[in-house]
Number of protein chains: 2
Amino acid sequence: MQYNFSDRLKNLSGNAIREIFKLVNKPDMISFAGGLPATQCLPVQFINEFADQLLKGENACSLLQYGETEGYMPLRHAIIDYVKRVGINDIDINNVLIVSGGQQGIDLSFKAFINKGDYILVENPTYLAALHIAKMYQANVIGVDSPDDDGIDIDDLEYKIKKYNPKVFYIVSNFSNPTGKTLSLEKRKQIAYITAKYNVITVEDDPYRELRYSGEHLPSIKSFDKAGNVIYVSSFSKLISPSLRVGIAIADKNIIAKLTIGKQGTDVHTVTLSQAIAEKFLSGNYLFPHIEKSIPLYREKRDLMISSIKQYMPPYFKHTMPQGGLFIWGEFTNGASAVKNFNKAIENKVAYVCGCDFFADGKGENCIRLNFSNASSENIVRGIKKLAAVFNGDIK
Amino acid sequence: MQYNFSDRLKNLSGNAIREIFKLVNKPDMISFAGGLPATQCLPVQFINEFADQLLKGENACSLLQYGETEGYMPLRHAIIDYVKRVGINDIDINNVLIVSGGQQGIDLSFKAFINKGDYILVENPTYLAALHIAKMYQANVIGVDSPDDDGIDIDDLEYKIKKYNPKVFYIVSNFSNPTGKTLSLEKRKQIAYITAKYNVITVEDDPYRELRYSGEHLPSIKSFDKAGNVIYVSSFSKLISPSLRVGIAIADKNIIAKLTIGKQGTDVHTVTLSQAIAEKFLSGNYLFPHIEKSIPLYREKRDLMISSIKQYMPPYFKHTMPQGGLFIWGEFTNGASAVKNFNKAIENKVAYVCGCDFFADGKGENCIRLNFSNASSENIVRGIKKLAAVFNGDIK
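Residues numbered from 1 in each chain as written. Chains lettered and ligands numbered in written order. Predicted model: local features only at pLDDT ≥ 70, side-chain atom pairs only at ≥ 80, totals over all residues.

Caption draft 1: Expanded view of the overall build of chain A. Helix and strand counts for chain A stand at 14 helices and 13 strands. Over its C-alpha atoms chain A spans a radius of gyration of 21 Å, differing by no more than 12% from the 21 Å that the globule rule assigns to 396 residues. Each principal axis of the C-alpha atoms in chain A carries an extent, and together these give about 60 × 55 × 50 Å. For chain A, with 396 residues in total, the buried portion stands at 58%. (Helix = DSSP H or I, 4+ residues; strand = E, 2+ residues; numbered from the N terminus. Rg over C-alpha atoms; globule rule 2.2 N^0.38 Å. Buried ≥ 20, exposed ≤ 12 C-beta atoms within 10 Å, placed from the backbone.)

And the structure:
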């Protein structure tokens, strides 16, 4: 049978990272491709202990029954307190939706606002899954220039808002995926102000915020939201465990009500055991000590990757110096192609993600995203050497 | 700010069951509304034991990292064997996608095939979440008549396929939600034949199949699928635990590839711990003994509800006699309105779902769906008495 797939999926290929994920899931591959937390930072013992307490507890049965789409009530309550860290105050549980990973927060936000043909503005480059999701909603995605170390060009943002009348602006505010850049305080305020002025919904995606290795924490864009146009999305994937699939969306209660209806129509609710484990991390005050223990390791990995790049990569490789997160972004200023060299890199057992997958407009062929959080120290050095060899043309 | 929501969600209210769920989640309410398994049938101890084994095992870390969108490999392998029970043979892992509950299988199927304005045929009445999801894809949903005890009218199906040229036909093959009816063997074959003939994708939703209390198991529609047009969706929600959110979709590998891309764009992957727990139930041969232990309890509840209906409900209440599943469907042949009496029922602490929520065309106001699996025996009798009083007009 010849399948007549929907327009949204007919010509859409897989999300590049997910496809690479299958490729690199081999023991001898050094992968800088994924966005995986360090395996040694996964709190296996805590998760085991909490699961055991919960499943032996008096509420075990109710944890195993259907739960509310909005989320596990104790976690929703805990989140009200949790987001005070990013300057979000004066909210109640009607502003909180628990989602199945931060990415579902993006999906539901687009589902609630985007019609086919609507415009979405994104930082250029941006998180490739957000681009992938935007394509599923058949949106027109326009990139906003982001030449500076502190993120997007605010004038270009306003210019493109006026030109395209977008429904949504999507941005990763801290340690952006893929560039590792962080929005300055001033730009956060300006984004809140400008998007409110033009009635644009801002989806602020903030999964990396707590993984800061240098510099000072900044308040979220959402903290400057007076109009109710900002949806704040975050996740416990990088802080506790990705496979628990627990994230959050914080927004005006009318938006949360629509996201909830959207969620009813897909996975009904987020896995309750996962939510209850996340709640234990918060209510028992285990999360931040755990993160504090992880930070030195991540910092070391970042520093090691940067020093290895400096030592081995060719001089025409320019890269960012992120203060946190999981990624370094590099550009071959001589125009070397990350796309053309990809297979060669895989043959040599080192993987990255091509820059063009992060651009709304197909640019970035000469760029790569490197993840430093998952590989061992030894493999960071070996992998960068391999990569240097590929791009130096030393290996056929 | 005035929100300009997407057309798909602008006027869509919440899924009735999910909204009622919030209402009835109170200790003094007798709920016949949800589709919850019996709490005493939840295998808390097994789940606890398996979680503990898994999180203490040598693969614990990999269970907590990101997993493949297609699903946890050992579970996908186990599913190949599992679906032989329903007559699905000769498949490999490329025909298997693990989904976050059966409902996600419906959502992804519609996502992969439905454009705005496309037609979907459904049995009338049908599972309300399928109608809800269809609305999100802005489909035109047409009900196929289903007057007989063995399900839909095949002539009407063919007539409406010719008339509407639908992309998808959706049906619950065993112990239908909401009616409890089961398709006869002959109708299964005819559905497979006719939908293939006209290039219609059939989504066969089969979450209740193993909960059979009388009669003989029948092969799935999918087992008669020669053209590759049937997507078989099932779930462990009613067999292990709803809140683990583990379901399956079985289809031609080209369809599975598209569903996978659709899933990449929403929750990335299903919670791995949940999948690994389901895998332990299968590989350790714990699932079927567990189900066998549950069956007598469910049978007893069904029988008790039927005898209570016979004893207490008014003579103009006509109802189905399901051989399995979770639901009895009733019709007030005198035209009494389930909608108008709903608030009175809630005031009297008994809940049901109004029939009209299950019809594609708004019919069914004089019908109700009653769930018999979740309430205690005592509450089944008390609840039916309360219901009878509401509909007999005894309570103001």
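Caption draft 2: Structural detail: the interface of chain B and chain A. Each partner contributes residues to the interface: chain B has 70 residues there, and chain A has 70 residues. When its residues are assigned to classes, the side of chain B that touches chain A shows 30 nonpolar, 28 polar and twelve charged. (Contact = placed C-beta atoms within 7 Å. Nonpolar A, V, L, I, M, F, W, Y, C, P; charged D, E, K, R; others polar.)

Caption draft 3: Main features of the domain arrangement of chain A. Residue and element names in this part refer to chain A. According to the domain assignment, chain A consists of domain 1 (7-43 + 289-392) and domain 2 (45-286). The straight-line distance from the C-alpha centre of domain 1 to that of domain 2 is 24 Å. Counting residues at the interface gives 35 residues for domain 1, matched by 38 residues for domain 2. Residues belonging to the side of domain 1 that touches domain 2 are distributed by class as follows: 19 nonpolar, nine polar and seven charged. (Domains from an automatic or database assignment.)

Caption draft 4: Structural view of the packing of helix H6 (residues 102-113) of chain A against helix H10 (residues 253-264) of chain A. Residues and elements named next belong to chain A. Closest axis-to-axis distance for the H6/H10 pair is 9 Å, and the angle between their directions is 105°. The angle between H6 and H10 falls in the class roughly perpendicular. On the side of H6, the interface is formed by Leu108, Ser109, Lys111 and Ala112, while H10 contributes Ile255, Lys258, Leu259, Gly262 and Lys263. Of the residues that constitute the contact of H6 with H10, the class distribution is four nonpolar, two polar and three charged. (Axes fitted to C-alpha atoms, helices over the stretch in contact; angles between N-to-C directions. Parallel < 35°, antiparallel > 145°, perpendicular 65-115°, else oblique.)

Caption draft 5: Representation of the relation of the copies chain B and chain A within the structure. Mapping chain B onto chain A is achieved by rotating through 180° and translating by 0.0 Å along the same axis, at an RMSD of 0.0 Å. Here the copies are linked by what is in effect a two-fold axis. In this assembly, 100% of the residues forming the interface of chain B have copies in chain A that are likewise at the interface, indicating an isologous arrangement. (Least-squares fit on C-alpha atoms with pLDDT ≥ 70 in both.)

Caption draft 6: Inspection of the nonpolar core at higher detail. Judged by nonpolar contacts, the single largest core of 249 residues is most densely connected at Ile120, Val168 and Ala249 of chain A together with Ile120, Val168 and Ala249 of chain B. Contact partners of Ala249 of chain B, with chain neighbours within four places excluded, come to Leu97, Val99, Gly105, Leu108, Ile231, Val233 and Leu259 of chain B. (Core = buried A, V, L, I, M, F, W, Y, C linked by C-beta atoms within 7 Å.)

Caption draft 7: Focus on the packing of helix H3 (residues 44-56) of chain A against helix H3 (residues 44-56) of chain B. The N-to-C vectors of H3 of chain A and H3 of chain B enclose an angle of 170°; their axes lie 10 Å apart at closest approach. As far as their axial angle goes, H3 of chain B and H3 of chain A are roughly antiparallel. Between H3 of chain A, through Val44, Ile47, Asn48, Ala51, Asp52, Leu55 and Lys56 of chain A, and H3 of chain B, the contact on the second element is made entirely by Val44, Ile47, Asn48, Ala51, Asp52, Leu55 and Lys56 of chain B. Class assignment of the residues belonging to the contact of H3 of chain A with H3 of chain B gives a composition of eight nonpolar, two polar and four charged.

Caption draft 8: Seen up close, the sheet that holds strand E2 (residues 96-99) of chain A. All names here are of chain A. Strands sit in the order E2-E8-E7-E6-E5-E3-E4 across an open sheet of seven strands; the sheet is mixed. This sheet does not close on itself; its edge strands, each paired only once, are E2 and strand E4 (140-144). The average angle at which neighbouring strand axes cross in this sheet is 20°, direction not considered. Pairing of strand E3 (residues 119-123) with E4, which is carried by five bridges, proceeds in the parallel orientation. Its bridge partner lying in E4, Leu121 is registered against Ile142. This element, H6, spans E2, strand E5 (168-172), strand E6 (201-205), strand E7 (230-235) and strand E8 (247-250) of the sheet and lies at about 155° to E7. The strands touched by helix H7 (residues 128-136) are E3, E4 and E5; relative to E3, the strand with the most contacts, the crossing angle is about 175°. (Pairing = 2+ DSSP bridges.)

Caption draft 9: Molecular detail of the environment of Ser283 of chain B. Mapped onto the elements, Ser283 of chain B comes out in helix H11 (residues 272-283). Spatially, the C-alpha atom of Ser283 of chain B lies 6.8 Å from that of Ala78 of chain B, the residues being 205 residues apart in sequence.

Caption draft 10: Focus on the pairing of E6 of chain A. Residue and element names in this part refer to chain A. Of all five residues in E6, five are buried; the element is thus mostly enclosed. With burial as the criterion, each face of E6 is covered, one bearing Ile201, Val203 and Asp205 and the other bearing Thr202 and Glu204. Strand direction decides the pairing type here: E5 and E6, joined by five bridges, are parallel. Within E6, the position partnered with Tyr170 by the bridge is Val203. In terms of handedness, the path from E5 via helix H9 (residues 185-197) over to E6 forms a crossover that is right-handed. In the sheet, E6 pairs with E7 via four bridges, with the strands oriented parallel. (Right-handed = clockwise from strand over helix to strand, strands pointing away.)

Caption draft 11: Representation of the sheet that holds strand E13 (residues 367-371) of chain A. All names here are of chain A. One open sheet accounts for four strands, arranged E9-E10-E13-E12; its pairing is antiparallel. One side of each edge strand has no neighbouring strand; the edge strands of this open sheet are strand E9 (317-319) and strand E12 (353-354). Where E12 lies against E13, two bridges are found, and the strand directions are antiparallel. Within the sheet, the bridge partner assigned to Cys354 lies in E13 and is Ile368.

Caption draft 12: The confidence of the model for chain A, seen in detail. For chain A, the mean per-residue pLDDT works out to 95, and 99% of the residues sit at or above 70. If you check the scores for this complex, the pTM reads 0.97 and the ipTM reads 0.96. (pLDDT = per-residue confidence, 0-100.)

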